[in-house]
Number of protein chains: 2
Amino acid sequence: MLKIVVDAMGGDNAPSEIVKGAVLALKERKDFAVVLTGDENLIRAELEKLRYDASRVEIVHCSEVITNDDVPTSAVRSKRDSSLVVGLKLLKEREDVGGFVSAGSTGAVLTGGIMFVGRIKGVLRPALCPGIPNVRGTRTLLCDCGANAECKPAYLAQFGVMASAYAKAAFGVENPRVGLLTNGAEEHKGDSLHQEAHQLLKQTKGVNFVGNIEGRDIMYGDVDVAVSDGFSGNVALKSIEGCGKTVSAVLNREFRASLGSKLSYLCAKKQIGKLKYMLDYARFGGSVFLGLKKAVIKSHGSSKAKSITPSVIQAVDAYRGNLIGNISEALAGTAIEGTIDE
Amino acid sequence: MLKIVVDAMGGDNAPSEIVKGAVLALKERKDFAVVLTGDENLIRAELEKLRYDASRVEIVHCSEVITNDDVPTSAVRSKRDSSLVVGLKLLKEREDVGGFVSAGSTGAVLTGGIMFVGRIKGVLRPALCPGIPNVRGTRTLLCDCGANAECKPAYLAQFGVMASAYAKAAFGVENPRVGLLTNGAEEHKGDSLHQEAHQLLKQTKGVNFVGNIEGRDIMYGDVDVAVSDGFSGNVALKSIEGCGKTVSAVLNREFRASLGSKLSYLCAKKQIGKLKYMLDYARFGGSVFLGLKKAVIKSHGSSKAKSITPSVIQAVDAYRGNLIGNISEALAGTAIEGTIDE
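So, here's what we can say about the structure. Quick caveat, the model's predicted, so the values are computed rather than measured. (Residues numbered from 1 in each chain as written. Chains lettered and ligands numbered in written order. Predicted model: local features only at pLDDT ≥ 70, side-chain atom pairs only at ≥ 80, totals over all residues. Heavy atoms only, no water.)

Structural notes on the overall build of chain A
Then step 1. Helix and strand counts for chain A come out as 12 helices and 12 strands.
Then step 2. Taking 2.2 N^0.38 as the reference for a compact globule, 342 residues should give roughly 20 Å; the C-alpha atoms of chain A span a radius of gyration of 20 Å, in line with that estimate.
Then step 3. Its C-alpha atoms put chain A at 60 × 60 × 35 Å along the principal axes.
Then step 4. A separation threshold of at least 6 residues defines the contact pool for chain A, and within that pool the share at least 24 residues apart is 74%. (Helix = DSSP H or I, 4+ residues; strand = E, 2+ residues; numbered from the N terminus. Rg over C-alpha atoms; globule rule 2.2 N^0.38 Å. Contact = heavy atoms within 4.5 Å.)

Re the sheet that holds strand β2 (residues 32-38) of chain B
Residue and element names in this part refer to chain B.
Then step 1. Taken in spatial order, the seven strands line up as β3-β2-β1-β4-β12-β11-β5 in an open sheet, and their pairing is mixed. Only two strands of the sheet have a single neighbouring strand rather than two, namely β3 (57-61) and β5 (127-129). Between one strand axis and the next, the sheet turns through 25 degrees on average, direction left out of account.
Then step 2. Note that strand β1 (residues 2-7) and β2 share six bridges and pair parallel. Across the sheet, residue V5 finds its bridge partner in β2, namely V35.
Then step 3. Along the sheet face, helix α1 (residues 16-28) touches β1, β2 and β3 and points at about 170 degrees away from the line of β2.
Then step 4. The strands touched by helix α2 (residues 40-48) are β2 and β3; relative to β3, the strand with the most contacts, the crossing angle is about 155 degrees. (Pairing = 2+ DSSP bridges. Axes fitted to C-alpha atoms, helices over the stretch in contact; angles between N-to-C directions.)

Details of the sheet that holds strand β2 (residues 32-38) of chain A
Hydrogen bonds between backbone atoms are what pair the strands of a sheet, whose relative direction is either parallel or antiparallel.
All names here are of chain A.
Then step 1. Strand order in this open sheet of seven strands is β3-β2-β1-β4-β12-β11-β5, and the pairing throughout is mixed. Sheet topology places β3 (57-61) and β5 (127-129) at the edges, where each strand pairs with a single neighbour. In this sheet, adjacent strand axes meet at a mean angle of 25 degrees when their direction is disregarded.
Then step 2. On the sheet, helix α5 (residues 106-117) packs against β4 (97-102), β5, β11 (287-290) and β12 (295-298) and is oriented at approximately 170 degrees with respect to β12.

Here we look at the interface of chain B and chain A
Then step 1. Contacts between the two partners involve 51 residues from chain B and, on the opposite side, 51 residues from chain A.
Then step 2. At the surface where chain B touches chain A, the tally comes to six salt bridges.
Then step 3. The salt bridge partner of K238 of chain A is E214 of chain B, with a shortest N-O separation of 2.4 Å.
Then step 4. Between chain B and chain A we count 13 residue pairs in polar contact (both at pLDDT 80 or more) in total.
Then step 5. The element best represented in the side of chain B that touches chain A is helix α9 (residues 230-255) of chain B, accounting for 21 residues.
Then step 6. Taken together, the residues of the side of chain B that touches chain A break down into 22 nonpolar, 18 polar and 11 charged. (Salt bridge = Lys/Arg side-chain N within 4 Å of Asp/Glu carboxyl O. Polar contact = N/O pair within 3.5 Å; in protein donor to acceptor, adjacent residues only side chain to side chain. Nonpolar A, V, L, I, M, F, W, Y, C, P; charged D, E, K, R; others polar.)

Details of α9 of chain B
Helical periodicity: at 3.6 residues per turn, an α-helix aligns residues three or four positions apart in one direction.
Residues and elements named next belong to chain B.
Then step 1. If you check α9, its first and last C-alpha atoms are 37 Å apart, about what 26 residues at 1.5 Å a residue would give, namely 38 Å.
Then step 2. Counting buried positions over the 26 residues of α9 gives 20, a clear majority of the element.
Then step 3. Sitting at the head of α9, D229 places a side-chain oxygen 3.0 Å from the backbone nitrogen of F231. (Expected span 1.5 Å × (residues − 1). Buried < 20%, exposed > 50% of the residue type's maximum accessible area, 1.4 Å probe, protein only.)

Here's the deal with the relation of the copies chain B and chain A
Then step 1. Once chain B is rotated about the relating axis by 180 degrees and shifted along it by 0.0 Å, it coincides with chain A to within an RMSD of 0.0 Å. Both chain copies can therefore be described as sitting about a two-fold axis.
Then step 2. Looking at chain B, 100% of its interface residues are interface residues in chain A too, so the copies touch through the same face. (Least-squares fit on C-alpha atoms with pLDDT ≥ 70 in both.)

Examining the packing of aromatic side chains
Then step 1. Taken as a whole and judged by the stated rule, the model has four aromatic pairs over all chains.
Then step 2. Aromatic pair Y166 of chain A and F171 of chain A: ring centres 5.2 Å apart, planes at 65 degrees, arrangement edge-to-face.
Then step 3. One cation-aromatic arrangement involves R56 of chain B over F32 of chain B; the distance from NZ or CZ to the ring centre is 5.7 Å.
Then step 4. The residue whose ring lies beneath R283 of chain B is Y277 of chain B, and the NZ or CZ to ring-centre distance is 4.2 Å. (Phe/Tyr/Trp six-rings, centres within 6.5 Å; stacked < 30°, edge-to-face > 60°. Lys NZ or Arg CZ within 6 Å of the ring centre and 35° of its normal.)

Looking at unusual backbone geometry
Residue and element names in this part refer to chain A.
Then step 1. Note that the residue after A14, namely P15, is joined by a cis bond; omega there is -5 degrees.
Then step 2. Tracing the backbone through its elements, the reader meets P15 in the loop between β1 (2-7) and α1 (16-28).
Then step 3. Its identity as a non-glycine residue notwithstanding, N322 has a phi of 55 degrees, on the positive side.
Then step 4. Residue classification places N322 among the partly exposed positions, given a relative accessible area of 43%.

Section: empty space enclosed by the protein
Residues and elements named next belong to chain B.
Then step 1. In this structure the tally under the stated criterion is one cavity of 30 Å³ or more.
Then step 2. By volume, the largest cavity amounts to about 30 Å³.
Then step 3. Lining the largest cavity we find I120, V288, F289, L290, G291, L292, K294, A295, V296, L323, I324 and I327.
Then step 4. Within the residue set of the lining of the largest cavity, elements represented by two or more residues are β11 (287-290), β12 (295-298) and α12 (323-332).
Then step 5. Its residues assigned to classes, the lining of the largest cavity comprises 10 nonpolar, one polar and one charged. (1 Å grid on protein atoms, 1.4 Å probe; cavity = no way out; pocket = protein on both sides within 12 Å on 5 of 7 lines; lining within 4 Å. Points joined across faces, edges and corners; volume = space filled by probe spheres on them.)

Considerations on the pattern of salt bridges
Then step 1. Counting across every chain of the model gives 36 salt bridges over all chains.
Then step 2. Notably, a salt bridge pairs D96 of chain A with R94 of chain A, separated by 3.1 Å at the nearest N-O pair.
Then step 3. Judged by its relative accessible area of 23%, R94 of chain A falls in the partly exposed class.
Then step 4. Of the charged contacts, one joins E254 of chain A and K274 of chain B as a salt bridge, the two residues approaching to 3.6 Å between their closest N and O atoms. Of the two residues, E254 of chain A sits in helix α9 (residues 230-255) while K274 of chain B sits in helix α10 (residues 259-279), which places them in two different chains.
Then step 5. For E254 of chain A, a relative accessible area of 13% translates into the label buried.
Then step 6. Taking the relative accessible area as the measure of exposure, K274 of chain B reaches 39% and is therefore partly exposed.
Then step 7. Look at the salt bridges and you will find they share partners, linking E214 and R216 of chain A together with K238, E241 and K245 of chain B into a network.

Remarks on the pairing of strand β9 (residues 208-213) of chain B
Then step 1. Of the pairings in the sheet, the one linking strand β8 (residues 177-181) of chain B to β9 of chain B comprises five bridges and is parallel in character. Across the sheet, R177 of chain B pairs through a bridge with N208 of chain B, a residue of β9 of chain B.

Digging into the side chain of D144 of chain A
All names here are of chain A.
Then step 1. Examined against the element boundaries, D144 turns out to sit in the loop between β7 (139-143) and α6 (153-171).
Then step 2. The side chain of D144 sits in the buried core without any salt bridge; R125 is the nearest counter-charge, 8.5 Å away.
Then step 3. Looking at D144, its side chain comes within polar contact range of the main-chain nitrogen of A147, at 3.0 Å. (Lys, Arg positive; Asp, Glu negative; His and termini not counted.)

These figures come from the coordinates and say nothing about function on their own.
Next comes the structure, spelled out in C-alpha cells:
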C-alpha cells in the first residue's frame, strides 16, 4: 500500500494539528497509509484522542526537531534524528513511500529535500509551487514562489515545464496555459532576466506559453501556471495572502461592531462564507517542491489540521498522477541549455 | 494663485471623466486653479455640462494626444504638441504651476517627466510611489512600483529617503517606519541586490529603517513606507489590485445570485460598503513620481472622476507640504554613493 510520510513535529501547531490532519486524510481516501515521524509518546497521545484505522498508521520515532530558529543548512546536517530528516530519508529509501509532507522550516525542507531526496535528472533548480485561488474557483499554480531568490532564464523556462507537468498530472489540466509574471503585459517588459526568460519560454517545447502576465492576472485565473523568479513570486504570494487576510479582518471587525451588524452578518452569512472559502488557500494544501525525485510538500508553518489534510491528499494525487514521471519526460523533451551550478 | 496642470486627454475615460474630476477638485479646495491641456473644443464641451468657477479654470489647447499604442520614448519627442508634453512643459516653465496630473501612458509620463521637468539634484532614479490601503485605514507608500525594473542598492536606499520625505510632507507622518520588501523577514533574505540595499538602508541617515518586510506586511500597515525595486513592487501592487478586484467580483456574483441573496445584500450593505471602501485605492489618487523638480502624479489609466479628484488634491498637498524641498533636503543630508548613470 502507498505510504505518505508526515513530519509530525513541524510547524506552529505540531504535533496535535498535524496528527489530526493526517488522520482526517485517511478518511478522505482509502488507498494509502501514513507514516508519522516524531516523538512517539507525543504522537501516541494525540492519536489516542482520535478515531482511526490503526493498520494505516505507522510511527517512526525520532528524538530531534528542527525549528525555525535553526539555521536550515546546518540543521539538516547536524540533526540527523529529526522528524524532518528521518522523514525525507524514508521517502528516499523506502519504495512503498510515495510522498512527504511537512509544515516545518521552509529552508530545512528545501535543503533537506535536495540533499536527501535529490533532483530529477536535468533539473537545474527545484522550485516551490503553491496553488493560488482564483476567481474561477480553480487554482493558479505559481512557480517558483521562494526556493530561488536569484534565478537564471533557464531556471524560469524549467519552472514552466515542471509546473505544466504538475497541472496535468495532479489536476488533469489538458494543455496548461503558462504566463510569465512580470511588470507589464508587453513582450519587452521586465528586467533582462525576464526578457530572456520570455524568449526561452516561447521556444520551449511542450510549454503552452501565452506571454507576460501581471500580478493581477494570478487571481483572474486566465493562466493555469504563472512562472516567476522565487523572489517576486514570493512577493506576489504574500501580497495576495496579506490582502486576503486584510479582507477577512475588515469583515470580522465590521460585522462584530454592534448588535445590528451581528444581525447583518447572520443575514449575509452564506455569501460571506463563499467569499472566505474562495480566499482560503489552505484548502489547496501546501506548496509542492517540484523537481525532486519524489513528491515533497511544504505546508504553511501555521497549518492546522484542515490544511494538513489536503497537503496529504496532494501527495497521494501527485503519486497517483505520476508527477515525477511526467516531469522527467517533459524535461527530456525540452532542450533548455544550462548547467547544474550548485 | 497655485495652479495644477491636468492632462485632459490622458487615460481610458478622457476627456469627460478627467475634466469632471478636475472640476470636482476645485470644489474640495478653494486655494488653487487648474490648467487643462488638450483639445479646447472637447474640453469646453465637457465643461459646459458642469457647474464651476470659470476664473479658476484655464485651458491650453494642444492638437495631439499620446496614446498607449505610442512608443513612450519616441512619442514624447515627436508629439511636442500633445496634452502630456505641453502639460509637463508648463509645469517646468511656469512659476505659478505647482503640479501635474495625468492618467495617460505611464511610460510617457515617466520619460517626459525626466526629460522636461528634470530630476532633483542628487537623485539617481525617480520612482513611482502609490499609496496602498492598509487594514489600519491609512496608506502604505510603496516605492518604487514600476519606474525602474532594474535597480542598484543605492537606488533603493534613495527610494527610502524620498518616500519618507513624502510621508512627512504630504501626510504629516512624524517618523515614518521604512521596511524593505523582500522574500522573508530575516536580515539575510533576498537576492544580493536586496541584501546590499538592506545594509545601505540601515546606515542611511534620516531613514527610520525597521528591516525586511514581506508582501503581506504592505496591507497590515506596520510600516509607512515599503521600499522595493520597481519590478517586484509592481508585482506586489498588481497582485494586491487583483486580489481586491477578485473579492469585489465574488461579492457581486454571490449577492446577485438570487432574490434571496439580493435581500441579504440590503442587510449587509453597510459592512460590505466599508470593505469596498477600504479596498478602493482610487480614493488615494495616483502614484507620485518622486525625485522630479516638481510634483508629477500618474493616475491609473482607467481613472474616473472620483480618482482624478484625489490625484489633483494630492498635487496641491504635495506643493503645500513642500514635497520637493523636503526631498532635496533629505537627500543632501544623506551620503548615498552612486553615479547618475543614464
